[in-house]
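One letter stands for each residue in the lines below.
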Amino acid sequence: MRMRLAGILSTCFGLGFFPVAPGTVVSLAAVFCYLSLPVFQNFPVFVVAIVLASITGVWSGGVMEEKYGDDPSVVTIDELAGQWVALAALPATPLVGMLGFLFFRFFDIAKPGPVDRAQRFPGGWGIMADDLLAGLFANLSVHAVLTAASLLHIVLPL
């Protein structure tokens, strides 16, 4: 029962079993949810969703490592939480969604410095930490792009 529940939650209800780039698929689903579900425009609710996904990911990711080994690719709840961090406190527009997605996937795949080190934490902590940090870097990058555009008087289609 524990393994079954961990499997359902950690794979984002099976999306982690997508045959090609399951992390990217879940990231796209996270952006879609952010843009299309009005409840996510309520910042406190969105923060609670991120925290719940993160706590669930630490537990379920750790359980899944027992069956699949270190940081299994089917575990994609980390991409969900990380992508949501990338979009937190930003306008819910298609352009911001696209920028958040691109920056998040970049930092998640390239794993610069601290992102790479964060994945070395044991168990579910390592599974979640690198994606949450990649999400933070992506969020800061989107903020930087929006600020630079504003300072340069570039009108973005928000």
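Here, the structure is the one placed above.
For clarity, every value in this text was computed on a predicted model and none was experimentally measured.

Peer 1: Is there a simple way to think about helix α3 (residues 43–68) in this case?
Peer 2: Two residues of an α-helix separated by three or four positions point the same way, owing to the 3.6 residues in each turn. The first and last C-alpha atoms of α3 sit 35 Å apart over 26 residues, in line with the 38 Å expected at 1.5 Å per residue. Those residues of α3 that are buried are in contact with α1 (2–10), α2 (22–36), α4 (77–87) and α7 (123–151). Remark: glycine 69 follows α3 within two positions and exhibits a positive phi of approximately 95°.

Peer 1: Explain the packing of aromatic side chains to me, please; I cannot follow it from the model alone.
Peer 2: Note on aromatic pairs: each is described by the distance of the centres and the angle between the planes. Tallying each qualifying case throughout the model produces six aromatic pairs. Seen from their ring centres, phenylalanine 40 and tryptophan 84 are 4.9 Å apart, and the 65° between their planes marks the pair as edge-to-face. Here phenylalanine 40 is found in the loop between α2 and α3, whereas its partner tryptophan 84 is found in helix α4, with 44 residues between them in sequence. Assigned by exposure class, phenylalanine 40 and tryptophan 84 land together as buried. Their ring planes at 65° and their centres at 5.7 Å tell us that phenylalanine 107 and phenylalanine 137 sit as a pair that is edge-to-face. Remark: phenylalanine 137 occurs in helix α7 and phenylalanine 107 occurs in helix α5 (residues 94–110); sequence separation between them is 30 residues. Exposure remark for phenylalanine 137: the relative accessible area of 24% places this residue in the partly exposed category. Among the aromatic side chains, those forming a connected cluster through ring pairs are Tyr34, Phe40, Phe46 and Trp84.

Peer 1: What's the story with a nonpolar patch on the surface in this structure? I'm lost.
Peer 2: On the surface, a nonpolar cluster with roughly 340 Å² of combined accessible area is contributed by Phe43, Val47, Val51 and Ile55. A relative accessible area of 55% places isoleucine 55 in the exposed class.

Peer 1: So what exactly am I meant to see when it comes to the packing of α4 against α7 here?
Peer 2: Two numbers describe how α4 lies on α7: the axes approach to 7 Å, and their chain directions differ by 25°. Between α4 and α7, the crossing angle belongs to the class labelled roughly parallel. Once α4 is placed against α7, the crossing between them reads as right-handed. Between α4 and α7, the contacting residues are Ile77, Asp78, Glu79, Ala81, Gly82, Val85, Ala86 and Leu87 on the first element and Ile127, Met128, Asp131, Leu132, Gly135, Leu136, Ala138 and Asn139 on the second. Tallied by class, residues from the contact of α4 with α7 come to 10 nonpolar, three polar and three charged.

Peer 1: Honestly, the environment of aspartate 108 in this entry has me stumped. Any pointers?
Peer 2: Considering the arrangement of structural elements, one finds aspartate 108 in helix α5. Between the C-alpha atom of aspartate 108 and that of isoleucine 55, which follows or precedes it by 53 residues, the distance is 19 Å. In this view, aspartate 108 contacts Glu79, Asp130, Asp131 and Ala134; residues no more than four positions away in its chain are not counted.

Criteria and cut-off values
Residues numbered from 1 in each chain as written. Predicted model: local features only at pLDDT ≥ 70, side-chain atom pairs only at ≥ 80, totals over all residues. Heavy atoms only, no water. Helix = DSSP H or I, 4+ residues; strand = E, 2+ residues; numbered from the N terminus. Expected span 1.5 Å × (residues − 1). Contact = heavy atoms within 4.5 Å. Phe/Tyr/Trp six-rings, centres within 6.5 Å; stacked < 30°, edge-to-face > 60°. Buried < 20%, exposed > 50% of the residue type's maximum accessible area, 1.4 Å probe, protein only. Patch = residues over 30% accessible without salt bridge, like charges linked within 9 Å, V, L, I, M, F, W, Y side chains within 5 Å. Areas by Shrake-Rupley, 256 points an atom, 1.4 Å probe, with all protein chains shown as cover. Salt bridge = Lys/Arg side-chain N within 4 Å of Asp/Glu carboxyl O. Axes fitted to C-alpha atoms, helices over the stretch in contact; angles between N-to-C directions. Parallel < 35°, antiparallel > 145°, perpendicular 65-115°, else oblique. Left-handed = near helix turned anticlockwise from the far one by under 90°. Nonpolar A, V, L, I, M, F, W, Y, C, P; charged D, E, K, R; others polar.

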